[in-house]
Amino acid sequence: MCLCLIFCSGLAGLVYQVLWMKQLGLLFGNTSHAAAATLAAFFAGLAVGSWFWGKRVGKSGNALRAYAWLETGIAVTALLYFIILECFYVMYPLVYQRVDSAALLLLIKFSLAIILIFPPAFCMGGTIPAIGQYLIRRPETFGGSAALLYGINTLGAAAGAFLAGFYLPLWFGFRLTCLGAMTLTGLVAAAAFLLSRQPLPPMQADTTVSKTDKKNQKTQEEKAPLPVPPGTRGASLRRGGWWFWGLFSLPSGRWAITLVCFLSGFGVLALEVLWIRMFSQVLENSVYTFAAILVIVLLCLAVGALISSVLARLKVPAMPLLALLILVGAISVAATPFVFMGLTDSLRILVSTGSWTDYVALIFKNGFLTVGPPALLLGTVFPFLMKAEEKHLIGPGMSLGRLAAINTAGAILGSLLCGFVFLELLGMWGSMQLIAAIYIVAALILPTGWGIGSIITKVGSGFFLILLFSTLSPARLPITSTDPLRQQEKILEVWEGSDCTVAVARDMYGLAIKINSHYGLGSTGSYMQAKFQADIPLMIRPETASVFFLGMGTGITAGSALDPQFENITRVVACELVPEVVTAAEKYMTDVNGFDFTGGLFTDDRAAIIVEDGRHYLMGGGESFDMINSDLFVPFRSGAGSLYTREHFTQSKKRLNPGGLFVQWLPLYQLTENEFSIIARTMLDVFDQVSLWRNNFQPGEEVVALIGHADSAPLPPCDIDSRADKQLTIQGKDHRDLQHLRLPFNPQTVLFFYCGNLTAARELFTAYPVNTDDKPLIEYMAPRTYRNEGQKKYPWFVGPRIIDLVTEIQTLCPPEHDPLLVNRTAANRRLPLAGAAFHQARLWEVTGDEQKCRAAWDQFVDAWVD
């Protein structure tokens, strides 16, 4: 029964962690620094809770009742978390606007995270020491029983990671999922209270060391040559302060336990950062990718703990076996880069032609083959320390709490150092090499004695340490790959940062900026499409003076707003999440054969570049804009879904000046009709007026913009006379000249890109749900439909699908009666019909139906000319 309780406790604990990280990511921004501050706050609560409660549960008359109260504390403080979080959403923007220092702001984020997360994490930290104090009744069984507890608890955490990562948020939303976790925690607490009322088993007396034994144990410790610092009483060392100094005590062996305990947390969390970075190079990086890697790591750690539970029962010396486990784990870590390169064909993206389930199975398969061996082997180390701890045992709860605190402190430092120091200084493979070396050195210096097995382990450690920096050195391995679909692609430069790996590549079409080997942020080859993402909205509202660009990428789109034709522009703010992307754009996009593709973005006094989460900046900053232009984001990528939620659209609307526009570009070739309709329904739920615009007329590669208007005012009138230019462009042309037309583009003819009034056609989207922060449908549904719909011949919302939608919209709200166009002339209001016919003509041209192409061309000409 108690093992069932600890399993459920681990499950609920991981669900809490996943949800808290997500919620605080929305508040603080989805930057690596903000995520690190949140994770550090959570681990700090666990560490302090383990240390604090570990010293006290042994003095409790009923450790199981203490465990029940800790579970109750988790549920109560988790409820308070949501109450306090709502208050922080009100006060945080005020703090953000008044703090100019990035370091100080990060400290404030950490402090707020401490207030929110520390209380429940503090209670969580005491659960293992409390249940261990209750269950472990004989000192000689401490090693095996403690390892079993950690194994069961980690197995529960793996189940929690799987449920929270794959199903619960999509089914119930974050708040209901958290309430479910709180309910489970409450049930665990109630069950523990009921069990604590039962008489203690007869062997319970063995759980607490007798006063005589404790006195003898203290006497032995006092005789041991512990280096007590001046002014420090030996008693204080024994009560818990000893582990700060015990590191130097060779005879007691405690320095080795402390060192390995810290190293275990440090290494595993640092490696988890690196494993996620590895797979981000070859996977699509949806929310499920990271969940799968976390589940794999936790499962392997759980199995490692269960193996340790068996090993702890063997009649073998603990330290020699521990050193062997560390060495074998280190060898496995050193081999990981080579195994990974072999499985992925040198960082090629993993491709599955099957369904979403097949793709997830592919992730798990490659994850277990790559991460499984080192995670399993290193997962045995910390639990097996319990065996070495047996001869120093005073109380199960105290030892469990102390070791957990040291291990968690190592985890904090490992994740922070690896994410923000090792990756930037040594890169992905160099960081893994360093961690493997640290493990090998630990195996080499452990006090294992001089038996034949120990000598073999030490010699082997020295041998593999030499190999690690020679034959097994991963320095020659690539850190990014080229795309086989891009002809003659060559990598020019690579940056490995805390967020991702950024590369600049050249192919026959031009220069491109890529993230993690395969995700392109744009290229000089798609210059006109990127430029049109700024030009079209600015043609719609020529009086625009200030523009905020959510996402910078190559800088082409943001720089286009600085074009002299937009004479009213006085301020352009480009917000980019990844600092290395800014570095790459400034170095490679500002001078390509003498041409600045960024349009002076890095030199114009009207422009400012901000390295920040764009959504976070709009929420926290106090500045308003005439236009907010949100870049193309792959909907199925992790984090992108939060840019399509009602809360984000609402906050963006608040940052618009009167008459302003919010422009959300969507890649239809990466969306199904379901995702497009959910996003449209969500925008309709926020903005008084929503309109739909094209970026291009290329079937299969369509990009559209959903434009939210700050009010219901119609588009301004336009007195430009383009009749002669329009007539000239089609004179002597027919349907065979579709790709060679040079149509005039100005504030009058921009209506050629207008698809229709979505607000007037609202009934088309009422059956679809709204995407919210609480229930992020896009983030969790898009990866599934991306794979499942990809099996169909025409899966995406392109070509005939978007054409049919435009026809429906224009039927429900004909352009001549569109309230958005009342200020335009009758001839000007015919341009949306011309655009629709032109799009159809291009579709029939591509599909080879000349008769339909000719008919659509005639419709285009009829609507195009006055």
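First, a word on what this report is: a plain description of the structure on this page. (Residues numbered from 1 in each chain as written. Predicted model: local features only at pLDDT ≥ 70, side-chain atom pairs only at ≥ 80, totals over all residues. Heavy atoms only, no water.)

A word on the environment of Gly-497
Now for step 1: Relative to the helices and strands, Gly-497 resides in the loop between β1 (490-496) and β2 (501-507).
Now for step 2: It is 9.1 Å that separates the C-alpha atoms of Gly-497 and Val-421, two residues lying 76 residues apart in sequence. (Helix = DSSP H or I, 4+ residues; strand = E, 2+ residues; numbered from the N terminus.)

Observations concerning the nonpolar core
Now for step 1: One finds Tyr-16, Phe-676, Leu-706 and Phe-860 to be the most contacted residues of the largest nonpolar core, which totals 274 residues.
Now for step 2: Among the elements that line this core, the one with the most residues is helix α16 (residues 396-445), at 19 residues. (Core = buried A, V, L, I, M, F, W, Y, C linked by side-chain atoms within 4.5 Å. Buried < 20%, exposed > 50% of the residue type's maximum accessible area, 1.4 Å probe, protein only.)

A word on unusual backbone geometry
What is expected of a backbone is that most residues other than glycine have negative phi and most peptide bonds are trans.
Now for step 1: In this structure, Ser-346 is a non-glycine residue whose phi angle is positive, near 60°.
Now for step 2: With respect to the helices, strands and loops of the structure, Ser-346 is situated in the loop between α12 (318-343) and α13 (356-370).
Now for step 3: For Ser-346, a relative accessible area of 36% gives the class partly exposed.
Now for step 4: One non-glycine residue, Asn-593, lies in the positive phi region at around 55°.
Now for step 5: As for its placement among the helices and strands, Asn-593 is situated in the loop between α20 (579-588) and β7 (607-611).

What to know about the packing of helix α3 (residues 63-98) against helix α5 (residues 127-135)
Now for step 1: Axis separation between α3 and α5 bottoms out at 8 Å; the angle between their running directions is 160°. What the angle tells us is that α3 and α5 run roughly antiparallel. Of the two possible hands of crossing, α3 and α5 adopt the one that is left-handed. Between α3 and α5, the residues in contact are Ala-63, Leu-64, Tyr-67, Leu-70, Glu-71 and Ile-74 and Thr-127, Ala-130, Ile-131, Gln-133 and Tyr-134, respectively.
Now for step 2: A breakdown of the residues in the contact of α3 with α5 according to their chemical character gives 8 nonpolar, 2 polar and 1 charged. (Axes fitted to C-alpha atoms, helices over the stretch in contact; angles between N-to-C directions. Parallel < 35°, antiparallel > 145°, perpendicular 65-115°, else oblique. Left-handed = near helix turned anticlockwise from the far one by under 90°. Contact = heavy atoms within 4.5 Å. Nonpolar A, V, L, I, M, F, W, Y, C, P; charged D, E, K, R; others polar.)

What about the pairing of β1?
Along a regular strand, successive side chains alternate from one face of the sheet to the other.
Now for step 1: Direction of pairing for β1 relative to β2: antiparallel, over a ladder of 6 bridges. Opposite Glu-493, over in β2, you have Val-504 as the bridge partner.
Now for step 2: Between β1 and the antiparallel strand that follows it, β2, lie 4 residues. (Pairing = 2+ DSSP bridges.)

Points about the packing of aromatic side chains
Now for step 1: Here the structure, examined in full by the defined rule, presents 53 aromatic pairs.
Now for step 2: Between Phe-279 and Phe-340, the aromatic rings sit 5.1 Å apart at their centres with planes inclined by 75°, giving edge-to-face as the arrangement. With Phe-279 in helix α10 (residues 254-280) and Phe-340 in helix α12, this residue pair connects regions lying 61 residues apart in the sequence.
Now for step 3: Residue class for Phe-340 comes out buried when judged on its relative accessible area of 0%.
Now for step 4: With a centroid separation of 5.0 Å and 70° between ring planes, the pair formed by Tyr-288 and Trp-356 is classed as edge-to-face. Note that Tyr-288 is positioned in helix α11 (residues 287-311) and Trp-356 in helix α13, a separation of 68 residues in sequence. (Phe/Tyr/Trp six-rings, centres within 6.5 Å; stacked < 30°, edge-to-face > 60°.)

What to know about the pattern of salt bridges
Now for step 1: Throughout the structure, instances matching the rule amount to 21 salt bridges.
Now for step 2: Taking the shortest distance from any N to any O, the salt bridge between Arg-854 and Glu-850 comes out at 3.5 Å. With Arg-854 and Glu-850 both in helix α28 (residues 850-864) and 4 residues apart, the pair spans about one turn of that helix.
Now for step 3: Owing to a relative accessible area of 44%, Glu-850 belongs among the partly exposed residues under this scheme.
Now for step 4: What emerges from the salt-bridge pattern is a single network uniting Lys-531, Asp-535 and Asp-563. (Salt bridge = Lys/Arg side-chain N within 4 Å of Asp/Glu carboxyl O.)

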